[in-house]
Amino acid sequence: MVEKESTANRAPWDQRTLPIAIFAVLFAVLSWTYWHQSWPATTHQTNGIAVASKTLHLDGTYYYAYLRSLILDQDLDFTNDYQLLGNPLGATTVELTKRPGNLFTIGPALFWTPFFLVGHLLSALAGWGPTNGAGERVQMFVFYGSCVYGLAACILSYLTASLAFRRTDAFLAALAAMFATPLYWHMMRQASYSHAISAFCSALVVFVWARNYGSLRPLRWWALGLLCGLGMSVRTAAVAHAIVPAAELLPGLVASLLQRDLAAARQRALSGVAFALGLLLGFLPQMLAWKAIYGAYLTIPQGSGFMIWSGSRYGAVLFSNWNGWAAWHPLVSVGLLGLAMASIRANLPPALRTLARAALLVIGTQAFLNGAAGDWYAGFAFGGRRFTDCTVYVAVGVAQIFSLLGDRDLTVFLSRTLRTAIPALIAAAFAYFSLFLGERHLLLEIPIWGPVDLAGTWKAAVTSGMDKVYALTGNWGSIPVNWWFASSGNVSPARYDTADARAEFPTIASVWAFTDTGVGLGGFGDVATYQGRQCRWLSGRDGRFAFLLRTPEDLHARVALAAVMPGLQIRLSLEGQTLLETEPDAALKTFEFDIPGSV
């Protein structure tokens, strides 16, 4: 049973002042860390491209271009902005408007505006370099706003979770959600991107909605629509967060209609109209920007081919080792489990139970939208960055899990279980080490005469044990998808980490080397050198080769085969259809065949 903290015998310091004091200290620590990170403003480069910086880079260049152009030039013509700031992704001129394009959103510029104005003033007064918006000091001050908004998202997540759970559980869950998801990265190291601000917008929507749950005042619903619209102007896919207020409004509207309660239905419909008007107003800045840049109020700036709706990688964006949200940040799986539990717990406040159900729908919708993008892996991403706006839901789910540890009946159960489990784990650990030591002794991998480096052997045993567990389970953050992949391809779940990451989309020609561990292989031996080339030995009658494609495609394969003894035959087949049948000789020879996408 989830119990709220009793406030009858609690001092005001413990009730309100302590969380405020802790967040104040956290704000000071984060601020100091932001300004005193060990790396300079633009470092940590991959192939010459900065992937972490306190100044603008890559996507951040285009978010910042909105800000500079609007405030200093009072227009949305980025010609001089790109000349000054750079154009790293090669934005081209739009034929219809004769203006340079901008694939990104205007919302971050709106939220960074106060920081830009203060930073620009300080630049002029303190001589921080050029006052044209290109100075590093000004940019760092602007993107400090992302640090502030990210912490605000954490505080709002805490306040939302504390509506149903203990303040301690809510506080720890909010901190975990900030530090163990992509949010902290985008607050501190890639602050010129939109994600910290997006996390703030969604957390604000959820908190405002939950605090006034049940109210049908049109002003409340207009405000919720406005906040949702502003969130969409930061990141268009944030339209999914409108599911949260809709989960309250629509069921009541349908019930009123079924019960022929026209007065209640009319009131809910009026609230829905107010929400839609607020949504339109909040998203209007982006619509006006698109009109000025592309000549249309609604558009997909990347082009209609950017979203591959029929081939969404919704599983990969969650579980793939290539920036999968849950795979990189296992706390997400804990949060999802907590949301599933909260969605069916009758003793939770109705607002939090509704939120849990809606949150699962939001995350599912986000997974589909993110997976349908052409670059579903989100480029040089730190984990699942496009899910950062779902941080508040992770916090609520984790708070639900934490709250279970305070249940009296569960505490008794855990105490009894741990009395057996801890000794069993100790015994198993020592037994495993003894067996490992015996195996290494048998294989003469440790000295049979003289001292043995037991410290090194312990480390090797732990490493070996972890490798075996990992081969058996794969990345815990990718469960259950990697288990399904392993059973489908008869490979280890650990193979999913690299195999799925190679499955991009068929519009890009890719070559997979047969010896490459990045593809799914089962039934083949280790890599060996044969006639000066890397190969894999196939011993026995059966071997498997598997890799994932985003959509069914006709493939053309080329393999080099050689027989290590005379008279061997090889037959490659798929779904019972023979693709290649030959008798290779001792020399490596290349064979080509087609793999139809229909099988």
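Residues numbered from 1 in each chain as written. Predicted model: local features only at pLDDT ≥ 70, side-chain atom pairs only at ≥ 80, totals over all residues. Heavy atoms only, no water.

Bringing the overall build of the chain into the picture now. Broken down by element type, the chain carries 20 helices and 12 strands. For the chain, the proportion of its 599 residues judged to be buried stands at 46%. Pairs at least 24 residues apart make up 67% of the contacts formed inside the chain by residues separated by at least 6 positions. Carbon and sulfur atoms make up 63% of the accessible area of the chain, which totals about 29600 Å². (Helix = DSSP H or I, 4+ residues; strand = E, 2+ residues; numbered from the N terminus. Buried < 20%, exposed > 50% of the residue type's maximum accessible area, 1.4 Å probe, protein only. Contact = heavy atoms within 4.5 Å. Areas by Shrake-Rupley, 256 points an atom, 1.4 Å probe, with all protein chains shown as cover.)

End to end, helix 2 (residues 59-73) covers 21 Å across 15 residues, agreeing with the expected 21 Å (1.5 Å per residue, within 8%). Those residues of helix 2 that sit buried are D59, G60, T61, Y62, Y63, Y64, A65, Y66, L67, R68 and S69. Where helix 2 is buried, its residues meet helix 3 (79-85), helix 4 (107-126), helix 5 (136-161) and helix 11 (262-294). (Expected span 1.5 Å × (residues − 1).)

Throughout the structure, instances matching the rule amount to 35 aromatic pairs. By the ring-pair criterion, three or more aromatic residues cluster together here, those being Y34, W35, F111, F115, F141, Y144, Y149 and F200. Against the face of W221 rests R220, its NZ or CZ located 4.9 Å from the ring centre. In this arrangement the basic side chain of R313 is found over the ring face of W376, its NZ or CZ atom lying 4.5 Å from the centre. (Phe/Tyr/Trp six-rings, centres within 6.5 Å; stacked < 30°, edge-to-face > 60°. Lys NZ or Arg CZ within 6 Å of the ring centre and 35° of its normal.)

Another aspect to go through is a nonpolar patch on the surface. A grouping of L405, F413, L414, L418, I422, I426, F430, V452, L454, W458, V462 and M466 is seen on the molecular surface, where their side chains present a nonpolar patch of about 1100 Å² in accessible area. Contributing elements (two or more residues each) for the nonpolar patch: helix 17 (408-442) and helix 18 (454-473). Sorting elements by how many residues they give to the nonpolar patch places helix 17 first, with 6 residues. The topology assignment puts L454 in helix 18. (Patch = residues over 30% accessible without salt bridge, like charges linked within 9 Å, V, L, I, M, F, W, Y side chains within 5 Å. Salt bridge = Lys/Arg side-chain N within 4 Å of Asp/Glu carboxyl O.)

The subject of this paragraph is the pairing of strand 6 (residues 527-530). Of the two faces of strand 6, only one is covered, namely that formed by A528 and Y530; the face formed by V527 and T529 stays uncovered. When strand 6 meets strand 7 (residues 533-536), the two strands line up antiparallel, connected through 4 bridges. Counted as the bridge partner of V527 is R536 from strand 7. Two successive antiparallel strands, strand 6 and strand 7, enclose a turn made up of 2 residues, where Q531 displays a positive phi of approximately 50°. (Pairing = 2+ DSSP bridges.)

Further remarks concern the pattern of salt bridges. Tallying each qualifying case throughout the model produces 9 salt bridges. We note a salt bridge from R385 to D59, for which the minimum N-O separation is 3.8 Å. Here the residue R385 occupies a position in the loop between helix 15 (350-372) and helix 16 (391-404), and D59 occupies one in helix 2, the gap between them amounting to 326 residues. You can call D59 buried: its relative accessible area is 11%. In this structure, R68 and D81 form a salt bridge, with 2.8 Å as the shortest nitrogen-oxygen distance. On the criterion of sequence distance, the pair formed by R68 in helix 2 and D81 in helix 3 is long-range, its members being 13 residues apart.

This next bit is on the confidence of the model for the chain. Regions with low pLDDT carry predicted coordinates that are not meant to be interpreted in detail. Here the chain averages 85 in pLDDT, and 88% of its residues register 70 or above. Predicted confidence for residues 1-14 stays below pLDDT 50, and this span has 28 contacts to residues more than four positions away or in other chains. pLDDT under 50 marks residues 39-48. Its contacts with residues more than four places away, or in other chains, come to 21 contacts. (pLDDT = per-residue confidence, 0-100.)

To continue, consider the environment of H120. Position of H120 relative to the elements: it lies in helix 4. Given a relative accessible area of 23%, H120 falls into the partly exposed group. C-alpha separation for the pair H120 and F141, spaced 21 residues apart in sequence, amounts to 9.1 Å. Once residues lying within four places of it in the same chain are set aside, the contact partners of H120 are L72, T131 and V138.

Take helix 8 (residues 195-211) next. Across its 17 residues, helix 8 extends 24 Å between first and last C-alpha, which sits within 8% of the 24 Å expected from 1.5 Å per residue. Among the 17 residues that make up helix 8, 14 are buried, leaving the element largely enclosed by the rest of the structure.

For the rest of this paragraph, the subject is unusual backbone geometry. Phi is mostly negative for residues that are not glycine, and the peptide bonds are mostly trans. Note the cis peptide between I479 and P480, where omega equals 10°. With respect to the helices and strands, P480 occurs in the loop between helix 18 and helix 19 (481-489). In this structure, Q74 takes a positive phi of about 55° despite not being glycine. Along the chain, Q74 falls in the loop between helix 2 and helix 3. A residue is classified by how much of its surface remains accessible, and Q74, at 60% relative accessible area, is exposed. The residue Q531 is not glycine, and still its phi comes out positive at about 50°. Along the chain, the position of Q531 falls in the loop between strand 6 and strand 7.

Before going further, it helps to examine the packing of helix 8 against helix 15. Following both chains from N to C, one finds helix 8 and helix 15 inclined at 145°, their axes separated by 9 Å at the closest point. Both helix 8 and helix 15 take part in a crossing whose hand is right-handed. Contacts between helix 8 and helix 15 involve V206, W209 and A210 from the first element and A351, T354 and L355 from the second. Grouping the constituent residues of the contact of helix 8 with helix 15 by class yields 5 nonpolar, 1 polar and no charged. (Axes fitted to C-alpha atoms, helices over the stretch in contact; angles between N-to-C directions. Left-handed = near helix turned anticlockwise from the far one by under 90°. Nonpolar A, V, L, I, M, F, W, Y, C, P; charged D, E, K, R; others polar.)

L30, Y64, M187 and Y393 are the most contacted members of the largest nonpolar core, which has 116 residues in total. Per-element accounting of this core gives the leading share, 14 residues, to helix 5. Apart from the residues lying within four places of it in its own chain, the contact partners of L30 are C147, L151, M178, Y184, M187 and M188. Judged by nonpolar contacts, the second largest core, of 9 residues, contains A557, L580, F591 and I595. (Core = buried A, V, L, I, M, F, W, Y, C linked by side-chain atoms within 4.5 Å.)

With their axes 8 Å apart at the nearest point, helix 10 (residues 243-258) and helix 11 run at an angle of 150° to one another. Between helix 10 and helix 11, the angle is such that the two are roughly antiparallel. Our pair here, helix 10 against helix 11, has a crossing hand that is left-handed. Mapping the contact onto sequence places P245, E248, L249, G252, L253, S256 and L257 in helix 10 and A264, A265, R268, A269, S271, G272 and F275 in helix 11. (Parallel < 35°, antiparallel > 145°, perpendicular 65-115°, else oblique.)

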